[in-house]
Amino acid sequence: MKKVRNLVSNLSKTLFNTTATRQMNESERFTFNPTLHWNPEVENYLVNAYGALHFARISKALTQPSCYSCIRVNTLKTTTDAVIEKLSTILQQTRVSNDVETLLSNNHLFKGNGQIGPISKCQLPGLDYVLFVRGSGPHAISYDFTQDRPLKEVLVSRKCAEAVLRGAQVFVPGVLACSAHVEEGDVVAVSVAVEQSISEGKWGTGITRGTVMQGLQTDPHYIERNGLYIGQGKTMLSRAGIFRAAHGIAVDMTDRVYRLPSFNDVLEGEIFLQNFPSIITAHALDPQQGERILDMCAAPGGKTTAIAILMKDKGEIVAADRSHNKVLDIQKLAVEMGVHCITTYKLDATKSVCPKGESIDTVAPCSDEDTCLNIQNLESESLKTKGSSTNVPDRLETQSNHAVCEQEKNGVYTSKAEQRKIDRKLKNGSGRKCLGDRVEKSKGFAPDSFDRVLLDAPCSALGLRPRLSSGEETVESMRKHATYQRRMFDQAVQLVRSGGVVVYSTCTINPGENEAVVRYALDTYKFLSLASQHPKIGGPGLVGRCVSSDGYAEEWLRPGEEELVQRFDPSSSLDTIGFFIAKFNVGPKYS
């Protein structure tokens, strides 16, 4: 009998411990505690650069959003105090203002007077037009789950989740999978599908859009969602509606791990939501009224318009980008901000200097390659019209001759190839109309034709937050970024005049794209020198060199140079994205 009692007692303890362990595991599962996975070679490289403990802190910080939103006030249209008053009214009407916590007491950006509720003026000299709106997090979310009643869930893509962590809603295109029997108005837990390594060098989620989530341990993606729950919300559509609709809100987030105010479509033209280091980059350039400035990779125009406002819209800013649609984005933002000193061009930054012997004039095509009729269709249309009663060739010849006469009158020579292009346009009409405004395509600019040049270079973007995956970036791809950046820098140096300034910036933590590019610039162009930056907020750069296992060597900064650059560490008390800024003075180039 005693043995039976002991057996029952032990069995009860085992069952109790099993249940308790399962409940504990479930409690840990429904949290947000992501681990950033890196390519092993990249991780080894960055650990060598920063040290294991420091890199671990950086990796953790990258998975979290900054606990504040940074807003740049357009002082050409309004005042900082007027914007504070308007934003305070907006925040009082949202849930965010009731959840604000003072989490950044060690951050000197917030110290001093000027705080009005969750809104603070930047306390650094000359930056009182910059506002910080504080949020809070991370918060523990109560999902009220039970073992016998699985949660209704919605699984979203990584990019969707990163936007939600910054304050956005869950929009239809971002939903990957959903529990069965989800109806409009249901409360659902929202988790994220993060890419996993599926083969050598390839990453993916392995989830087909529309997959039914079971919420049970038999679900093949059950374990992958552990620690990746970003909050809960109310569905705005049924399951069927979510996967049939092309756009719209799928889930209205009612309880978030990070509570940050959303400023989408708020006070358009009066404010611009921008990362703080990007604002500092415009100040580092130190633009002066009346100068001619080039922003080489300008889209979407945040830094371009920041420079224009610092110049009080007096001078000339040339904003270039290789993408037709991105140039349209710059134009749209300039109009929205009421800035008139910006001229935009479509131009590849690696071809910014006009080749010798070519005109530096610009041409204005109707649109980019994707929106023009192709030649084959044009020629087939020509064949169809030859038998027509309308004498199209005669009409064309008359119009063409008239065009040639007009060009000869203006002293412009038109090649035969260019004339054939004109003939085809006259014959076939304008084709499909362009969306938005026209975009001028530049052939490049004359050397020494700018007072200051900003090269905010395309990069690996390993400093952006929140970031839930970094596995796709390889050592080889990071080296290719650096090679591309050096090519663009070569162009920037040719375009700036002697006595001018070049500012180089990136949003990555990769020293090969930061300090190594600075080393290349200083060693290649002896007339360049690092200049002090104002304001100086970021930390020092990295000194030394790195030799990889394959023998590839990188030279970084030398002692004494580290304090002349700004490196923004995402794990520091500033709580910014990872960012890098270097400023160069240009000495006599031809002495």
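Residues numbered from 1 in each chain as written. Predicted model: local features only at pLDDT ≥ 70, side-chain atom pairs only at ≥ 80, totals over all residues. Heavy atoms only, no water.

The protein is annotated in an unreviewed UniProt entry as Methyltransferase NSUN6 of Heracleum sosnowskyi. The protein has a UniProt comment under Sequence similarities (unreviewed entry) that states "Belongs to the class I-like SAM-binding methyltransferase superfamily. RsmB/NOP family." (UniProt positions renumbered as here; feature names shortened; annotations may be inferred.)

Attention now goes to the overall build of the protein. When its secondary structure is counted, the protein shows 14 helices and 26 strands. Long-range contacts, defined as pairs at least 24 residues apart, comprise 79% of the intrachain contacts of the protein with a sequence gap of at least 6. By element, 51% of the accessible surface of the protein is carried by carbon and sulfur atoms, the whole surface being about 29100 Å². (Helix = DSSP H or I, 4+ residues; strand = E, 2+ residues; numbered from the N terminus. Contact = heavy atoms within 4.5 Å. Areas by Shrake-Rupley, 256 points an atom, 1.4 Å probe, with all protein chains shown as cover.)

What follows concerns the packing of aromatic side chains. On inspection of all chains with the given rule, the structure shows 12 aromatic pairs. Measuring from centroid to centroid gives 4.8 Å for phenylalanine 30 and tyrosine 229, while their planes differ by 65 degrees, and the two rings are edge-to-face. Placement of the pair is phenylalanine 30 in the loop between helix H1 (2–29) and helix H2 (40–50) and tyrosine 229 in strand E12 (residues 229–235), with a sequence separation of 199 residues. Like tyrosine 229, phenylalanine 30 is buried. Between tyrosine 525 and phenylalanine 527, the ring centres sit 5.8 Å apart and the planes meet at 55 degrees, which makes this aromatic pair tilted. A connected cluster of aromatic rings, assembled from ring pairs, spans Phe30, Tyr143 and Tyr229. (Phe/Tyr/Trp six-rings, centres within 6.5 Å; stacked < 30°, edge-to-face > 60°. Buried < 20%, exposed > 50% of the residue type's maximum accessible area, 1.4 Å probe, protein only.)

We now examine the sheet that holds strand E8 (residues 187–193). The seven strands are arranged E6-E13-E12-E8-E5-E7-E11 in an open sheet whose pairing can be described as mixed. Every interior strand has two partners, whereas the edge strands, strand E6 (170–171) and strand E11 (211–213), have only one. Pairing between E12 and strand E13 (residues 249–256): five bridges, direction antiparallel. By the bridge assignment for E13, glycine 231 is matched with arginine 256. Helix H5 (residues 158–165) contacts strand E5 (153–157), E6, E8, E12 and E13 of the sheet and is inclined by roughly 100 degrees relative to E5. (Pairing = 2+ DSSP bridges. Axes fitted to C-alpha atoms, helices over the stretch in contact; angles between N-to-C directions.)

Bringing the pattern of salt bridges into the picture now. Within this structure, the stated rule accounts for 20 salt bridges. Here arginine 558 ties to aspartate 523 by a salt bridge, and the two come within 3.7 Å at their closest N and O atoms. Taken together, the residues span a long stretch of sequence, with arginine 558 in the loop between strand E24 (553–555) and strand E25 (566–568) and aspartate 523 in helix H14 (residues 515–524) at a distance of 35 residues. We classify arginine 558 as partly exposed; its relative accessible area is 45%. Taking relative accessible area as the criterion, aspartate 523 reaches 31% and is therefore assigned partly exposed. Residue arginine 545 pairs with glutamate 555 through a salt bridge whose shortest N-O separation is 2.7 Å. Here arginine 545 is found in strand E23 (residues 545–547), whereas its partner glutamate 555 is found in strand E24, with 10 residues between them in sequence. Among the charged side chains, a network of salt bridges with common partners joins Arg519, Asp523, Arg558 and Glu561. (Salt bridge = Lys/Arg side-chain N within 4 Å of Asp/Glu carboxyl O.)

Another point: empty space enclosed by the protein. Evaluation of the coordinates by the stated rule reveals two cavities of 30 Å³ or more. Computed from the structure, the largest cavity encloses a volume of approximately 60 Å³. Residue lining of the largest cavity: Tyr45, Val475, Met478, Arg479, Asn510, Ser548, Tyr552 and Glu554, and that is the complete set. Looking at which element gives the most residues to the lining of the largest cavity, the answer is helix H13 (residues 475–495), with three residues. In terms of lining residues, the second largest cavity is bounded by Leu155, Val192, Ala193, Val194, Gln196, Ile207, His221, Glu224 and Arg225. Taken together, the residues of the lining of the second largest cavity sort by class into five nonpolar, two polar and two charged. (1 Å grid on protein atoms, 1.4 Å probe; cavity = no way out; pocket = protein on both sides within 12 Å on 5 of 7 lines; lining within 4 Å. Points joined across faces, edges and corners; volume = space filled by probe spheres on them. Nonpolar A, V, L, I, M, F, W, Y, C, P; charged D, E, K, R; others polar.)

This brings us to the side chain of histidine 139. By the secondary structure assignment, histidine 139 is in the loop between strand E4 (130–134) and E5. The class for histidine 139 is buried, based on a relative accessible area of 15%. Side chain to side chain, histidine 139 and serine 136 meet in a polar contact 2.7 Å long. (Polar contact = N/O pair within 3.5 Å; in protein donor to acceptor, adjacent residues only side chain to side chain.)

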